[in-house]
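Residue-level structural notes
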Amino acid sequence: MSFLRQFPATRMRRMRRDDFSRRLMREHVLTANDFILPVFVLDGENREEEVASMPGVKRQSIDLLLKTAAEAVALGIPALALFPVIDGPLKSLDGAEAWNPDGLVPRTVRALKQAFPQLGVITDGALDPYTTHGQDGIIDDNGYVLNEATVAALIKQALCHAAAGVDVVAPSDMMDGRNGSIRQALDEAGFELTRILAYSAKYASAFYGPFRDAVGSSANLGKADKYTYQMDPANGNEALHEVALDLTEGADMVMIKPGLPYLDIVRRVKDEFGVPTYAYQVSGEYAMIKAAVQNGWLDEKKVVLETLLAFKRAGADGILTYFAIDAARWLKDQ
Ligand code: PBG
């Protein structure tokens, strides 16, 4: 019998031949429900600035941000994640502006919730936009970020955001025990329905560079790094340990960050715990795609939707992505 006569009984290409059977066997579907839009807010009125390293992303004053939020709502995006650009003079060693009840974040939260009660609003729990040294917490004389002092500050920040009406606080600082402490403080203050989205597995990643430009913390941080609190990219088991602790402390949702280079962690976390699991396609991932697109090297729509689908395939329940509005629009037009 010649080699060529050994035709296979199973032909994988049969199901791939036509659009109808490709659609019937498709395992994952992307919708606007999967997206959380990260946004940058700055003080002032009718003010808008491009972020140089994130083409298409803007820092906006509250009035203009409301228009962006309206677009997100109209496209069915469930939530946005708010990041503030804090003016230099308001930054300090201890980041006290982070719990100013009339600060930029609480003002923005109130405006968003008033205009769009149905839109989920998530705020970041960390001090880096507010500190003169750009670290996420309070430092000692050697620059070491102090755990307990920082957690005490994060509690004040979370209570301030909750009082402004935020739906979800998202501690992104990687201090030990912060989720439990924040949970207890929220409950004691009557905010037992304020959710916690824990940045559980947040790696000390070089992919955050453009974000630090966007919020204006890179100059403050200078040559310092975040290795004493963010995770080593070499580790996987440690992420499971972090997630286990955060869930015990009362986190409602967990996050893995960055996204695409860490999809193995997303899959392991989802398999191990089966809880609402999110991933953050971070600023550097956005910048890489945009740079290639601007050079004409990649098809933006196809490549973005492919990356977002990959998050779903890895087990993510949702994706924080700067492409949220574009992606939701592309999906609608499809
Ligand atoms: C700060 C924070 C960072 C990001 C989200 N929250 C930067 C950092 O840890 O230095 C990065 C997001 C992105 O790169 O898109 N706590």
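Computed from a predicted structure; not experimentally measured.

So, the packing of helix α12 (residues 300-313) against helix α13 (residues 324-333)
Relative orientation and spacing of two packed helices are given, respectively, by the angle between their axes and the distance between those axes. Contact pair α12 / α13: the axes reach a minimum separation of 10 Å and the direction vectors enclose 100 degrees. Judged by the angle between their axes, α12 and α13 are roughly perpendicular. Residues Lys-301, Val-304, Leu-305 and Leu-308 of α12 lie in contact with α13, whose contacting residues are Asp-326, Ala-327 and Trp-330. Here the contact of α12 with α13 is composed, by residue class, of 5 nonpolar, no polar and 2 charged.

Considerations on the UniProt feature "active site" (unreviewed entry) in the chain
When the UniProt feature table is mapped onto this chain numbering, "active site" (unreviewed entry) sits at Lys-202 and Lys-257. Separation in sequence by 56 residues is not matched in space for these annotated residues, since their most distant C-alpha atoms are only 4.9 Å apart. Locating Lys-202 in the fold gives a position in strand β7 (residues 195-202). Residues contacting Lys-202, with those up to four places away along its chain left out, are Ser-172, Met-174, Gln-230, Met-231 and Lys-257. Secondary-structure assignment places Lys-257 in strand β8 (residues 253-257). Excluding residues within four positions of it along the chain, Lys-257 makes contact with Tyr-199, Lys-202, Tyr-203, Ala-279, Tyr-280 and Val-282.

Details of the UniProt feature "binding site: Mg(2+)" (unreviewed entry) in the chain
UniProt annotation of "binding site: Mg(2+)" (unreviewed entry) refers to Glu-242 when read in the numbering used here. Within the fold, Glu-242 resides in helix α9 (residues 237-248). Using a count of 22 C-beta atoms within 10 Å as the deciding quantity, one classes Glu-242 as buried. Look past the residues within four positions of Glu-242 in its chain and what remains in contact with it is Ser-200 and Ala-201.

Some words on the environment of Gln-114
Looking at where Gln-114 falls in the secondary structure, it is placed in helix α4 (residues 104-115). Here Gln-114 falls in the exposed class, since 10 other C-beta atoms lie within 10 Å of it. Measuring from C-alpha to C-alpha, the distance between Gln-114 and Val-39 comes to 17 Å, with 75 residues separating the pair along the chain.

Brief notes about the site of the ligand
If you check the shell around the ligand, you find Asp-124, Ala-126, Asp-128, Asp-136, Ser-172, Tyr-208, Phe-211, Arg-212, Val-282 and Ser-283 and nothing else. Of the residues in the shell around the ligand, the class split is 4 nonpolar, 2 polar and 4 charged.

As for unusual backbone geometry
Along the chain, Lys-257 connects to Pro-258 via a cis peptide bond; the corresponding omega equals -5 degrees. Tracing the sequence through the fold places Pro-258 in the loop between β8 and α10 (263-273).

A few points about α4
Here α4 contains 12 residues, and its C-alpha end-to-end distance of 17 Å stays within 8% of the 16 Å for a straight helix at 1.5 Å per residue. When α4 is considered as a whole, its buried residues turn out to be Leu-104, Val-105, Pro-106, Thr-108, Val-109 and Leu-112. Residues of α4 that are buried make contact with β1 (35-42), α3 (62-74), β4 (79-84), β5 (120-125) and α5 (147-163).

With respect to the nonpolar core
Judged by nonpolar contacts, the single largest core of 94 residues is most densely connected at Leu-80 and Ala-324. Of the residues forming this core, the biggest block, 8 residues, is contributed by α5. Contacts of Ala-324, omitting those with residues within four sequence positions, involve Phe-35, Ile-36, Leu-37, Ala-72 and Ile-77.

Some thoughts on α9
Taking 1.5 Å of rise per residue, 12 residues should cover 16 Å, and α9 covers 17 Å from first to last C-alpha, within 8% of that figure. Those residues of α9 that sit buried are Ala-239, Glu-242, Val-243 and Asp-246. Buried residues of α9 fall within an arc of 95 degrees about the axis and therefore sit on the same side. The exposed residues of α9 that point more than 90 degrees off its buried face are Asn-237, His-241 and Thr-248.

Cut-off values and rules
- Residues numbered from 1 in each chain as written.
- Predicted model: local features only at pLDDT ≥ 70, side-chain atom pairs only at ≥ 80, totals over all residues.
- Axes fitted to C-alpha atoms, helices over the stretch in contact; angles between N-to-C directions.
- Helix = DSSP H or I, 4+ residues; strand = E, 2+ residues; numbered from the N terminus.
- Parallel < 35°, antiparallel > 145°, perpendicular 65-115°, else oblique.
- Contact = placed C-beta atoms within 7 Å.
- Nonpolar A, V, L, I, M, F, W, Y, C, P; charged D, E, K, R; others polar.
- UniProt positions renumbered as here; feature names shortened; annotations may be inferred.
- Buried ≥ 20, exposed ≤ 12 C-beta atoms within 10 Å, placed from the backbone.
- Near = placed C-beta within 6 Å.
- Expected span 1.5 Å × (residues − 1).
- Core = buried A, V, L, I, M, F, W, Y, C linked by C-beta atoms within 7 Å.
- Arc of directions from axis to C-beta.

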